[in-house]
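Given next are the chains, with one letter for each unit.
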Amino acid sequence: MTLPTESRSRAPRPRGARLRLRWNPAALLWVLPALIMYAAFELYPLTQTVRYSFYRWDGIGVATWSGFDNYVRVFTDAEQFASVVHAFVLILFFTVIPVGLGLVAAAVIRELRRGPFASVAQVVLFLPQVLPLAAAGIIWTWIYAPDGMINGFLRAIGLGFVTRDWLSDFDFALPAVGVIGSWVSLGFCTVLLLAGIGKIDPSLYEAARLDGANRVQEFLAVTLPGLRREIVVACSVTIIAALSSFDVIYVATNGGPGYQTLVPGLEIYHLTFTSQQVGSASALAVVLTVLILAVVIPLQRLGRRTG
Amino acid sequence: MRVTPASRATNVIVLVAFMLFTLVPLFGVLSAALQSPDSTPRGFSIPWPLHWENFVTAWNVANVPPLMLSSGIIVVGVVPAALVFATFAGYGLAQPRVPFGRALSILFVGGLALPAEALVSPLYYQMRDLGLLDNRLAIILPLIGLYMPFGVFWMQTHFAGIPVELIEAARIDGASSWRIFWSVQLPLARSAISALMILYFLWTWNQFLLSIALINDPLQRTVAGALGAFQGQYSTNIVLLCAGSLLIIAPSLIVYLIFQRQFIGALLQGSHR
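So, here's what we can say about the structure. All values reported here derive from a predicted model rather than from experimental measurement.

Along the backbone of chain A there are 14 helices and two strands. The C-alpha atoms of chain A give 25 Å as radius of gyration, which overshoots the globular expectation for 307 residues (19 Å, by more than 25%). For chain A, the residues scored as buried account for 53% of the 307 residues in total. Considering only contacts in chain A between residues 6 or more positions apart, those separated by 24 or more positions represent 67%. By element, 65% of the accessible surface of chain A is carried by carbon and sulfur atoms, the whole surface being about 13700 Å². The averaged location of the 18 negative side-chain charges in chain A is 18 Å from the averaged location of its 23 positive side-chain charges.

A separate point is the interface of chain A and chain B. With 105 residues of chain A at the interface, the matching set in chain B holds 97 residues. Looking only at chain A, the three residues that lose the most surface to chain B are A:Trp30, A:Phe41 and A:Trp142, adding up to 10% of its buried area. Taken together, the connections running from chain A to chain B amount to 15 residue pairs in polar contact (both at pLDDT 80 or more). Among the elements that line the side of chain A that touches chain B, the one with the most residues is helix H2 (residues 27-52) of chain A, at 19 residues.

We now examine the layout of surface pockets. In this structure, the largest pocket encloses a volume near 600 Å³. What lines the largest pocket is a set of 20 residues, among which A:Ile297, A:Gln300, A:Arg304, B:Val109 and B:Leu112 lie closest to the centre. For the lining of the largest pocket, the secondary structure elements donating two or more residues are helix H11 (228-243) and helix H14 (278-306) of chain A together with helix H4 (101-109) and helix H6 (137-160) of chain B. Sort the elements by how many residues they give to the lining of the largest pocket and H14(A) lands first, with six residues. Taken together, the residues that form the lining of the largest pocket break down as 10 nonpolar, six polar and four charged.

This brings us to the packing of aromatic side chains. What characterises a pair of aromatic rings is the spacing of the ring centres plus the angle enclosed by the ring planes. Residue and element names in this part refer to chain A. All chains considered together, the criterion is met by 42 aromatic pairs over all chains. Seen in terms of ring centroids, Phe75 and Phe81 are 6.3 Å apart; in terms of plane orientation they differ by 55°. Their pairing is tilted. Judged by its relative accessible area of 49%, Phe75 is partly exposed. Using a relative accessible area of 36% as the deciding quantity, one classes Phe81 as partly exposed.

Moving on to the pattern of salt bridges. Residue and element names in this part refer to chain A. Under the defined criterion, the tally for this structure stands at five salt bridges over all chains. Linking Arg215 and Glu111 is a salt bridge whose minimum nitrogen-to-oxygen distance equals 3.1 Å. Of this pair, Arg215 sits in helix H10 (residues 215-226) while Glu111 is found in helix H4 (residues 78-111), placing the two residues 104 residues apart along the sequence. Using a relative accessible area of 34% as the deciding quantity, one classes Arg215 as partly exposed. Linking Asp169 and Arg164 is a salt bridge whose minimum nitrogen-to-oxygen distance equals 3.4 Å.

Ranked by size, the top nonpolar core spans 193 residues in total, and within it B:Met148 and B:Tyr200 carry the most contacts. At 14 residues, helix H8 (residues 173-198) of chain A tops the list of elements feeding residues into this core. Non-local contacts of B:Met148, meaning those with residues more than four positions away in its chain, are made with A:Ala34, A:Tyr38, B:Ala82, B:Phe85, B:Ala86, B:Phe108, B:Phe153 and B:Tyr200.

Looking now at unusual backbone geometry. Residues and elements named next belong to chain A. Note the cis peptide between Gly256 and Pro257, where omega equals -5°. Phi is positive for Asn254, close to 50°, though the residue is something other than glycine. In this fold, Asn254 is placed in the loop between helix H12 (247-252) and helix H13 (264-273). Owing to a relative accessible area of 39%, Asn254 belongs among the partly exposed residues under this scheme.

Thresholds applied
Residues numbered from 1 in each chain as written. Chains lettered and ligands numbered in written order. Predicted model: local features only at pLDDT ≥ 70, side-chain atom pairs only at ≥ 80, totals over all residues. Heavy atoms only, no water. Helix = DSSP H or I, 4+ residues; strand = E, 2+ residues; numbered from the N terminus. Rg over C-alpha atoms; globule rule 2.2 N^0.38 Å. Buried < 20%, exposed > 50% of the residue type's maximum accessible area, 1.4 Å probe, protein only. Contact = heavy atoms within 4.5 Å. Areas by Shrake-Rupley, 256 points an atom, 1.4 Å probe, with all protein chains shown as cover. Lys, Arg positive; Asp, Glu negative; His and termini not counted. Charge placed at Lys NZ, Arg CZ, Asp CG, Glu CD. Buried area = accessible area lost by both parts, 1.4 Å probe. Polar contact = N/O pair within 3.5 Å; in protein donor to acceptor, adjacent residues only side chain to side chain. 1 Å grid on protein atoms, 1.4 Å probe; cavity = no way out; pocket = protein on both sides within 12 Å on 5 of 7 lines; lining within 4 Å. Points joined across faces, edges and corners; volume = space filled by probe spheres on them. Nonpolar A, V, L, I, M, F, W, Y, C, P; charged D, E, K, R; others polar. Phe/Tyr/Trp six-rings, centres within 6.5 Å; stacked < 30°, edge-to-face > 60°. Salt bridge = Lys/Arg side-chain N within 4 Å of Asp/Glu carboxyl O. Core = buried A, V, L, I, M, F, W, Y, C linked by side-chain atoms within 4.5 Å.

The following block contains the structure:
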């Protein structure tokens, strides 16, 4: 490995020569292994996804050019379009609810910070984050089952008439899988926001107190503005999780009943591996990627501007 | 303290409610797993006697030892290689005056928000053409590639934050680029690398989509991927399904409870991208 050379001479040189001297091509050797793996198993497949999306292909036979047909189908095929809509509905459960409740939990933990109770609460709330999402799906499948915990509880308190097979119910299946997402994300959002609260200047709370602010006013005037950066991060991470959800829904409902809980990730999987419509699957994959970028990039800008 | 006893009590109640929301499903599964093996568990009941032997049955039926081994092999195949490549690249890109350095950084960062779903079909055909579909390499190779954007970004951010004076001092002492990396930079990067290691471990151990899509044989998959197959086989035997699922998540739980501080720290830093 050669030493990165520092150009010490300040004497004027021809532009090209100076550039060559100041460059440090040896540094590229360090990047090479990562670049090869990234190019071979992410960039190359990505170009293939884009390429497949313009063809009709069953994965085995000859592919025929189909122009934008597959893209048109993403928005005209009832099933595919529903999957995209469901992904956005899930943002309510994966992002809005956990970030909202996480703000409450973080504010509460901040006030309790002296007790060991607060740290135990953090560890407990964070726990679902380290489990495989597939396990979360299996756990909740049992909770939602006709004889599962929720229905058992409802019967015990005399609400037997509202019991149902939650994951097979046309109206409740999507919110039900959504709640699984809330369960997974709540602790993550709480701990992230709590870390953010720790960075807020304590004198701001002091000032709010001197002004006679009550807890709600203090939360709105000090905590919330101080957490903008953390809220943006929590939203970005959980929105990506909502739009590209797969594991939980594959395990809990596999998209059913009908296609009430179908999401793009699952539809891509089914189109590729069950119905062998690789072109359609790829067009949906491209749309999904574009949607994720369209939501996350502006959000990140917002975070950077304020942070 | 300004917090009155009454508001302290509300705080405790709110927090207990959140903790119950998190824990009750897990206890629900545990109670189902301890019911009589031939029964169909019902709702909200505490089983008696406790049928701990269900865990022995599930241990054998769910093939727990070979699955743990399989996940272990995949982790060993992915994590060290990904750590080394990401650290090298992060170091290289943090150097001054790298040709196309900025373009390369952007190229890597561009992969951050890319969902695995966008790559799963081409990866499948790529692995089929390489003849790897029944081999753990079919998931090891793509995972290393998929982990590069985050890892490179992570390590580059770390190395860029190291004061230049430190490196200049070593350089004036005549240390080579490799020597500076090995004896100055690497020791300073310990905490960044160990946080990255925790993230890579979790993402690999819990990998589901690529595991079920790219490996036909459940016994070659990650534990998470095998859960899918296990659920398909035993969806009617709730007692066994719950016991098996608990066995499969037990190692993550135990490791988390031991290293909770590091896990929480790593996942939090990891999200600030």
